[in-house]
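Observations on chain architecture
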Amino acid sequence: MLHASDTPETSGASAPATAGAHHTESRPPTGRAARHWHLDDIDWGAFRGSAVDPRLLAAVKTAAVVEANSADYVRYLDNVFVDDPAFRAAAARWGEEEAQHGAALGRWAELADPEFDFAAALARFRAGYRIPLDASESVRGSRAGELLARCVVESGTCSYYSALRDRAEEPVLRDICHRIAQDEAQHYRLFHGHLAHYAREAGLGAWARLRIALGRVGETDDDELAYAWFSAVEATRPGARYERARCAALYQRLAMSMYGLAHVRSLVSMIALALGLRGTARLVRVVGWVGWQWLRLRSSASFAGG
Ligand SMILES: [Fe+2]
Ligand SMILES: [Fe+2]
């Protein structure tokens, strides 16, 4: 059951409210009107250990270290958009929010598993995985490509945290994931607004957008998530050894199993909008359904095989 208070992005009910952004010349606002939430806003005393699902716990531990590593991405974006102070300021605030997501998820994971040491897991992850910090140009080939890739990532995180929230029975985790999903929708709007500006400048057409988006989707099995899984879930087990393909497959299939049809449709809708596609409601429904069936097959095949 989805929350009645969801934004369209977090419920999967319809296309994001950024539709029409392509027609505006203005850049998106760089700040939030409302105060952003803090860790102290979470009712940690409401935690119920008996309601913790171990599969969700493993997913949360992995997500926590990835989110908490956001400072590196801010530095990277700072380099790529070196002469755009408005965007750099917005990216700095974005990075603070992502770091807070990591802190909230890490704190919850420590509550759910007293043996989990979030700081140690994060240190392991950072020691073994770093993005190209000193890049002066986007690894996507252009600033528009970079922003499109960020839109794909935020589409993924928005739908993923919505899915975790809807799976979770533990009330504190539900609250945290709901807050994070709303932030991710806002991040999508931030990057999408700047994408409209840079895509015009770069003349980024539909095919180029599709190529970049598919490339970023394909990176979900790369080293970042695989090593995050290892660092947060496996590394403290006796005889633990990092095997990229195995860790990537384990995490990816766990994550896939969290999604419901509404979450997949929300994801497809947000990516379609970032690609500049219009009038795609029917296509989103069909592609979302096919994608959901594919996720169900992949995740059930994995768990059946151990
Ligand atoms: Fe996040
Ligand atoms: Fe985000």
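For the structure, see preceding data.
Residues numbered from 1 in each chain as written. Chains lettered and ligands numbered in written order. Predicted model: local features only at pLDDT ≥ 70, side-chain atom pairs only at ≥ 80, totals over all residues. Heavy atoms only, no water.

1. So, the nonpolar core
Applied cut-off: By convention a nonpolar core is built from buried Ala, Val, Leu, Ile, Met, Phe, Trp, Tyr and Cys residues, the set being connected through side-chain atoms within 4.5 Å. Relative accessible area decides the class of each residue, using a 1.4 Å probe on protein chains only: under 20% of the type maximum gives buried, over 50% gives exposed, and in between gives partly exposed. Numbering of helices and strands runs from the N terminus, with a helix taken as a DSSP run of H or I at least four residues long and a strand as a DSSP run of E at least two residues long. Any two residues whose heavy atoms approach within 4.5 Å at even a single point are treated as in contact.
Ranked by size, the top nonpolar core spans 86 residues in total, and within it Val65, Leu105, Trp108 and Ile176 carry the most contacts. The dominant element in this core, judged by the number of residues it contributes, is helix α7 (residues 171-202), at 13 residues. Once you skip the residues sitting within four places of it in the chain, leucine 105 turns out to touch Val60, Ala63, Ala64, Glu67, Tyr161, Leu173, Ile176 and Ile180.

2. Re the coordination of the iron ion (ligand 2)
Rule in force here: Distances decide who is a donor: an N, O or S atom must be within 2.8 Å of the metal, or within 3.2 Å for Na, K and Ca. Water is not included, so sites may look incomplete. Irregular is the label for any site that misses the other tests, which are tetrahedral for four donors with all angles between 85 and 135 degrees, and square planar for four donors or octahedral for six when opposite donors exceed 155 degrees and the remaining angles lie between 65 and 115.
Protein ligation of the iron ion (ligand 2) involves Glu98 (OE), Glu154 (OE), Glu184 (OE) and His187 (ND1), the donor distances falling in the range 1.9 to 2.3 Å. For the iron ion (ligand 2), the four donor atoms in the first shell make angles of 90 to 134° at the metal, a pattern classed as tetrahedral. In primary-sequence terms, the residues that donate to the iron ion (ligand 2) follow E-x55-E-x29-E-x2-H.

3. Observations regarding helix α6 (residues 143-167)
Formally: To estimate how far a helix should reach, multiply one less than its number of residues by 1.5 Å.
Across its 25 residues, α6 extends 36 Å between first and last C-alpha, which sits within 8% of the 36 Å expected from 1.5 Å per residue. Counting buried positions along α6 gives 22 out of 25 residues, so the element sits mostly inside the fold.

4. A short note on the coordination of the iron ion (ligand 1)
Every protein donor of the iron ion (ligand 1) is accounted for by Glu67 (OE), Glu67 (OE), Glu98 (OE), His101 (ND1) and Glu184 (OE), and the metal-donor separations fall at 1.9 to 2.5 Å. Read in sequence order, the donor residues coordinating the iron ion (ligand 1) give the pattern E-x30-E-x2-H-x82-E. A separation of 3.7 Å is found between the iron ion (ligand 1) and the iron ion (ligand 2), which share glutamate 98 as a coordinating residue. Remark: glutamate 184 occurs in helix α7 and glutamate 67 occurs in helix α2 (residues 54-68); sequence separation between them is 117 residues. Residues glutamate 67 and glutamate 184 agree in their burial class; the two are buried.

5. Focus on the pattern of salt bridges
Let me state the cut-off plainly: When a carboxyl oxygen of Asp or Glu lies within 4 Å of a side-chain nitrogen of Lys or Arg, that pair is called a salt bridge.
Inspection of the entire model under this criterion finds 11 salt bridges. Two residues, arginine 179 and aspartate 175, come together in a salt bridge whose shortest N-O distance is 3.1 Å. Note that arginine 179 and aspartate 175 are positioned in helix α7 at a spacing of four residues, about one turn of the helix. Among the salt bridges present, the one from arginine 246 reaches glutamate 234, with a minimum N-O distance of 3.0 Å.

6. Structural notes on helix α11 (residues 261-274)
For α11, which comprises 14 residues, the first-to-last C-alpha distance of 20 Å matches the rise-based estimate of 20 Å (1.5 Å per residue) to within 8%. Counting buried residues in α11 gives 11 out of 14 residues, a clear majority hidden from the surface. Three or more residues of α11 are buried, namely His263, Val264, Arg265, Ser266, Val268, Ser269, Met270, Ile271, Ala272, Leu273 and Ala274. Glycine 276 occupies a position one or two residues after α11 and carries a positive phi of about 85°.

Nothing here speaks to function; it is all geometry.
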